[in-house]
Each structure stands twice: as C-alpha cells, then as structure tokens.
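# Summary of structural features
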Amino acid sequence: MPLDFLKRRHGAGEASPTVAPTAAAVSLPEEIVAQEYQLKLYFAGKSSEGVRMKAGPNALAELPSMLAGMARSEIEVVEPLPIEFSQAMPQIVRPSEAMQWLNAHALHSPVTRHALSVLESLDAIDLAFDTVCLALLDGETDTSGYPEYNAVVGGIASHWDEGTGDLICRAVVGWGGRGVRGDTDRIGSKMLGGLLTNILANQYALGLTAIERPVPAAGRGGLVCAHCGFASGHERAFYCPKCGMRLLRG
Ligand SMILES: [Zn+2]
C-alpha cells in the first residue's frame, strides 16, 4: 500500500486518469494580486502625579466629588477585583481571562467598560489594587452609548500606599479605538490638569507625592480582610485594597 502510494505520487506531474486534464495547465501568476486588510487600533492615556490624602474612612467616598464640573456622563466607581477575578483581561482571544473580565464588568455602563478596557490595556490602572472613579470627560458616544475613538474618558485612580496606609489619588485619562485625531492629546492633557486641580482642592489632600505602585509578587495572595471580608488577589497588600484597613497575616 505505501508503495502504490509512492508510485502514484511519482507520476503526479503527468496527466493521469484521476487528475482533471486542465490541472497541468495552471501556472503561478508572475504577480500575486492580494486583497489587503488592515485595522489600526490606537489607544493612548495619561496619568498624573499622585496626591497623598489624609487616611480615613471618608477619603474613598470623596472620589466622585473630584469629577465635579468635568464628568459628562454618570460617574461610576469600580473597586479592586477580588481574587476570583485576578486573571481578568479585556482580551477576547483569551477566553478564560475575557470571561472573568466580562463577569466583573458586565454591569457597568458602556462608558466605564470602554474606559476600563482602554486604561487596562495601556496598563495605566491595575484593578488588583486600584479603585477607579470614571466618566466621559470630552467628546461623544455612539447610539449604543460607547465613546467615540476621540472621546476622552477617565477620572481618579486611587490606591492605599503600602508604606504609610495613606490613600494616594491620581488623575487618569484615556482615549482610542479605530482612529486618531490630532487635538485629542491636547484635550486629554487639559482634562488631566482639571482632574489634578480637583484632587488638590479636596479637603483631605496633603500634597503631591511620588507614586510607587505596589508590585505583586508571584505565589500567595488571597488574604481575606478581617474588616470588610474582601479576598485580595494582591500578594503585597499590607492594606486591604478595598477598604484600606490593615490586613492581618497568619
Ligand atoms: Zn477590607
């Protein structure tokens, strides 16, 4: 059987009863005509310096007020994700990560989902420890409520400083999609400045500070906050990413 197969293959160049007579006449064209397909996605974002806030239970509740005069949509607060969503990513080709992301954010508004998708893709926010407060800041949405590519979204991102336990707030803005416009960057900078001004004007603001993002180490995680019951997926969380109280180890 294998020999018969080889024999047939050997004579493949010549016409045989099993091959259509025209097959031998087909030759490769000198130039291949290709249909071209291309999609360019462009995402961009900006993040300000941090502002240290007086620690306390009231600090987190202040976040939405920092978008006063700037939000052009409903303001939504997104809290850090618990450990069961620690793999969540806005990437549809990774079904397990995408499913976690959708389950975590399906109930948010289109503006918030767009903002999270842009800012997370850029690594401008990390929901392992950031609490974010988001809205549409400039531009329009489509008929389904999703921001256009040149609409600027963003707001305040905050996390609890691992060294001092203080709440650190920063302004974040982002935009993007199928297109890019020259003046969006300038508008983004303007929005970032407005948000930072609002943070600094807050009654709990202590002043600008360098931002040291808590870097998660591999391995553990899953510490449960004794105060609010939040199960953190973030390994180095001395302070509960959700309520800011000191986590008890051991
Ligand atoms: Zn807590």
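Turning to the overall build of the protein, a few remarks are in order. Across its full length, the protein carries five helices and six strands. The buried share of the protein, taken over its 250 residues, is 40%. Just so you have it, the protein exposes about 14,600 Å², and 55% of that area is on carbon and sulfur atoms.

The full count for this structure, using the stated rule, is zero aromatic pairs. Cation over ring: R246 sits above Y239, and NZ or CZ is 5.2 Å from the ring centre.

For the zinc ion, the protein coordination sphere consists of C225 (SG), C228 (SG), C240 (SG) and C243 (SG), at 2.3 Å. For the zinc ion, the four donor atoms in the first shell make angles of 107 to 113 degrees at the metal, a pattern classed as tetrahedral. Counting along the primary sequence, the residues that act as donors to the zinc ion give the motif C-x2-C-x11-C-x2-C. Of this pair, C228 sits in the segment after β6 (205-209) while C240 sits in the segment after β6, and the two are twelve residues apart along the sequence. Given a relative accessible area of 0%, C240 falls into the buried group.

What follows is about helix α4 (residues 110-121). If you check α4, its first and last C-alpha atoms are 16 Å apart, about what twelve residues at 1.5 Å a residue would give, namely 16 Å. For α4, a buried count of nine out of twelve residues is recorded, marking the element as mostly surrounded by other parts of the structure. Of the residues making up α4, those classed as buried are V111, T112, R113, H114, A115, L116, V118, L119 and E120. On its buried face, α4 sits against β1 (42-53), β2 (76-78), α3 (95-105), β3 (131-138), β4 (152-160) and β5 (167-177). Where α4 terminates, the next one or two residues include D123, which has phi positive at roughly 65 degrees.

For α3, every residue scored as buried is listed here: E97, A98, Q100, W101, A104 and H105. Along the axis of α3, the buried positions cluster into a sector of 160 degrees, meaning they face one direction only. Exposed residues pointing more than 90 degrees away from the buried face of α3 are listed as P95 and N103. Each element contacted by the buried residues of α3 is listed here: β2 and α4.

So, how was this worked out
- Residues numbered from 1 in each chain as written.
- Predicted model: local features only at pLDDT ≥ 70, side-chain atom pairs only at ≥ 80, totals over all residues.
- Heavy atoms only, no water.
- Helix = DSSP H or I, 4+ residues; strand = E, 2+ residues; numbered from the N terminus.
- Buried < 20%, exposed > 50% of the residue type's maximum accessible area, 1.4 Å probe, protein only.
- Areas by Shrake-Rupley, 256 points an atom, 1.4 Å probe, with all protein chains shown as cover.
- Phe/Tyr/Trp six-rings, centres within 6.5 Å; stacked < 30°, edge-to-face > 60°.
- Lys NZ or Arg CZ within 6 Å of the ring centre and 35° of its normal.
- Donors = N, O, S within 2.8 Å, 3.2 Å for Na, K, Ca; no water.
- Tetrahedral: all angles 85-135°; square planar, octahedral: opposite > 155°, others 65-115°.
- Expected span 1.5 Å × (residues − 1).
- Contact = heavy atoms within 4.5 Å.
- Arc of directions from axis to C-beta.

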